[in-house]
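Take a look at the letters that make up each chain.
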Amino acid sequence: MTAIDTPAGAEGDLTGSVTTASRGSAYSALSRQIKQAGLLDRRPGYYASQIALILTLVAAGVTAFVVIGDSWWQLVVAAYFAVLSTQLGFLGHDAGHRQIFRSARRNYRLGVVLANLGVGFSYGWWVDKHNRHHAHPNDEDKDPDIGAGAFIFTERQAQASGHVARIFYRYQAWTFFPLLLLEAVNLRVSSLRYLLTDRNRSRIREVLLIALHITTYLAAVFVLLPPGKALAFVAIHQALFGLYLGCSFAPNHKGMPRLSAADNADYLRRQVLTSRNVRGHWLTDFALGGLNYQIEHHLFPSMPRGNLRRAQRLVKEFCAGQHVPYLETGLISSYAQALRHLDTIGRAPTRTG
């Protein structure tokens, strides 16, 4: 299963100022510009260099881990591996969108190796969840990324929460970043729940690869380090991995408009209005795995990461011509907007009577 690459439809009129036909043709016109610019073409050289870089950094990390040995300096190595785990996750994300190869099978194989074996969570679970998010961004009923859980994102979820939960949600803006430290654990629990619901061949293969990852990882850490340092290494690595990964995805949609089928938004507006770009430079692109170009990524999920910066100028100009609001902000501002939204929802008054 791979993430959607084409719009599900272009019907509807969100504002009432543009006709259905013109809205449907708007995305087609933009798509033609993008294709003519060659921005949907695969970038094998780009991804070969990215994979080679990350593997080199992994090899350097393993070497440092072995050479440093029994020392509290290993906690620095743990933080280093948190960065590498997230970067491997970004490559798995790209494989899930068929950005790396044209062949679905080759992308799947690489994605499973990167996610299950390299990071320790289910590629199949993530692609299934991520597909639904891309198809229905910020749709309360269909987007799993804004489902109620540790956090709530909509007034309706606030009204439906119990008294005890409401006490916790009232402070969710303050607990957001601390709870991201547990995100790596959450990913693995969700992965195993997904894989164990239907024990077909592909899911059994994924479980075995995750088991191999966990076994090898824990064996290496506990063989080379005494128990106390080993536990500290695992805790720092997994906590910072979850924090980094969560911080990379948090700016994208939190606090942006929520749309449902009743809004009748066409594909172009549904993707642009619910997404937020993060302004930056090459280091931002690397640190966020290209997710800072969230609008372009949602419009063209199969576009290779290395083409997103070039596509931004075309998309931004096109949206201006179509009078479609295009939001781009700084990284700190994006977090502030997301936290303000969480605080507003957390403090929403409960329904009485």
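Above this text is the structure in question.
Residues numbered from 1 in each chain as written. Predicted model: local features only at pLDDT ≥ 70, side-chain atom pairs only at ≥ 80, totals over all residues. Heavy atoms only, no water.

Draft legend 1. Fine view of a positive patch on the surface. A contiguous patch of positive charge on the surface is contributed by Arg-105, Arg-109, Arg-201 and Arg-205. Of all elements in the fold, only helix H4 (104-119) and helix H10 (201-224) reach the threshold of two or more residues within the positive patch. As for its placement among the helices and strands, Arg-201 is situated in helix H10. (Patch = residues over 30% accessible without salt bridge, like charges linked within 9 Å, V, L, I, M, F, W, Y side chains within 5 Å. Areas by Shrake-Rupley, 256 points an atom, 1.4 Å probe, with all protein chains shown as cover. Salt bridge = Lys/Arg side-chain N within 4 Å of Asp/Glu carboxyl O. Lys, Arg positive; Asp, Glu negative; His and termini not counted. Charge placed at Lys NZ, Arg CZ, Asp CG, Glu CD. Helix = DSSP H or I, 4+ residues; strand = E, 2+ residues; numbered from the N terminus.)

Draft legend 2. Structural detail: the environment of Phe-90. Following the sequence through the fold, Phe-90 ends up in helix H3 (residues 74-96). A C-alpha to C-alpha distance of 18 Å links Phe-90 and His-281, two positions 191 residues apart in sequence. Excluding residues that lie within four positions of it along the chain, Phe-90 makes contacts with Tyr-244, Leu-245, Ser-248, Phe-286, Ala-287, Leu-288, Gly-289, Leu-291 and Arg-305. (Contact = heavy atoms within 4.5 Å.)

Draft legend 3. How the structure looks around a nonpolar patch on the surface. A grouping of Val-62, Val-66, Val-223 and Leu-224 is seen on the molecular surface, where their side chains present a nonpolar patch of about 350 Å² in accessible area. Elements represented by at least two residues in the nonpolar patch include exactly helix H2 (44-68) and H10. Positionally, Val-223 belongs in helix H10.

Draft legend 4. Quick look at the packing of aromatic side chains. One pass over the full model with this rule turns up 11 aromatic pairs. Ring geometry for Tyr-27 against Phe-300: centres 5.5 Å apart, planes inclined by 20°, an arrangement best described as stacked. On the criterion of sequence distance, the pair formed by Tyr-27 in helix H1 (residues 20-36) and Phe-300 in the loop between helix H14 (294-299) and helix H15 (308-322) is long-range, its members being 273 residues apart. Taking relative accessible area as the criterion, Phe-300 reaches 3% and is therefore assigned buried. Note on Phe-176 and Phe-177: the rings are 5.2 Å apart at their centroids and 75° apart in plane angle, and the pair reads as edge-to-face. (Phe/Tyr/Trp six-rings, centres within 6.5 Å; stacked < 30°, edge-to-face > 60°. Buried < 20%, exposed > 50% of the residue type's maximum accessible area, 1.4 Å probe, protein only.)

Draft legend 5. View of the packing of helix H8 (residues 172-180) against helix H16 (residues 331-346). Contact geometry for H8 and H16: axes closest at 8 Å, N-to-C directions at 125°. Here H8 lies oblique to H16, going by the angle between them. Contact with H8, carried on its side by Gln-172, Ala-173, Phe-176 and Phe-177, involves Tyr-335, Leu-339, Leu-342, Asp-343, Ile-345 and Gly-346 of H16 and no other residues of that element. Among the residues making up the contact of H8 with H16, the classes are represented as 7 nonpolar, 2 polar and 1 charged. (Axes fitted to C-alpha atoms, helices over the stretch in contact; angles between N-to-C directions. Parallel < 35°, antiparallel > 145°, perpendicular 65-115°, else oblique. Nonpolar A, V, L, I, M, F, W, Y, C, P; charged D, E, K, R; others polar.)

Draft legend 6. Examining the pattern of salt bridges more closely. Counted by the stated rule, this structure contains 12 salt bridges. Taking the shortest distance from any N to any O, the salt bridge between Glu-140 and Arg-156 comes out at 3.2 Å. Taken together, the residues span a long stretch of sequence, with Glu-140 in the loop between helix H5 (123-135) and helix H6 (155-160) and Arg-156 in helix H6 at a distance of 16 residues. Since its relative accessible area comes to 22%, Glu-140 is described here as partly exposed.

Draft legend 7. Main features of H5. If you check H5, its first and last C-alpha atoms are 18 Å apart, about what 13 residues at 1.5 Å a residue would give, namely 18 Å. Three or more residues of H5 are buried, namely Tyr-123, Gly-124, Trp-125, Trp-126, Val-127, His-130, Asn-131, His-133 and His-134. The N-capping residue of H5, defined by a side-chain oxygen 3.3 Å from the backbone nitrogen of Gly-124, is Ser-122. (Expected span 1.5 Å × (residues − 1). Polar contact = N/O pair within 3.5 Å; in protein donor to acceptor, adjacent residues only side chain to side chain.)

Draft legend 8. Spotlight on the side chain of Asn-277. The topology assignment puts Asn-277 in strand S1 (residues 277-278). At 2.9 Å, the side chain of Asn-277 and the side chain of Tyr-326 are in polar contact. With residues up to four places along the chain from it excluded, the contact list for Asn-277 reads Asn-292, Tyr-293, Gln-294, Ile-295, Glu-296, Gln-312, Tyr-326, Leu-327, Glu-328 and Thr-329.

Draft legend 9. Main features of the nonpolar core. Grouped together as the largest cluster of nonpolar side chains are 28 residues, with contacts concentrated most on Phe-121, Tyr-123, Trp-125 and Phe-241. Of all elements in the fold, only H2, H3, H4, H5, helix H9 (183-196) and helix H11 (227-249) reach the threshold of two or more residues within this core. Every residue in contact with Phe-121, bar those within four places of it in the chain, is listed here: Ala-115, Asn-116, Trp-126, Leu-187, Ser-191, Ile-210 and Phe-241. With 23 residues, the next largest nonpolar core counts Leu-39, Leu-299, Phe-300 and Val-315 among its residues. (Core = buried A, V, L, I, M, F, W, Y, C linked by side-chain atoms within 4.5 Å.)

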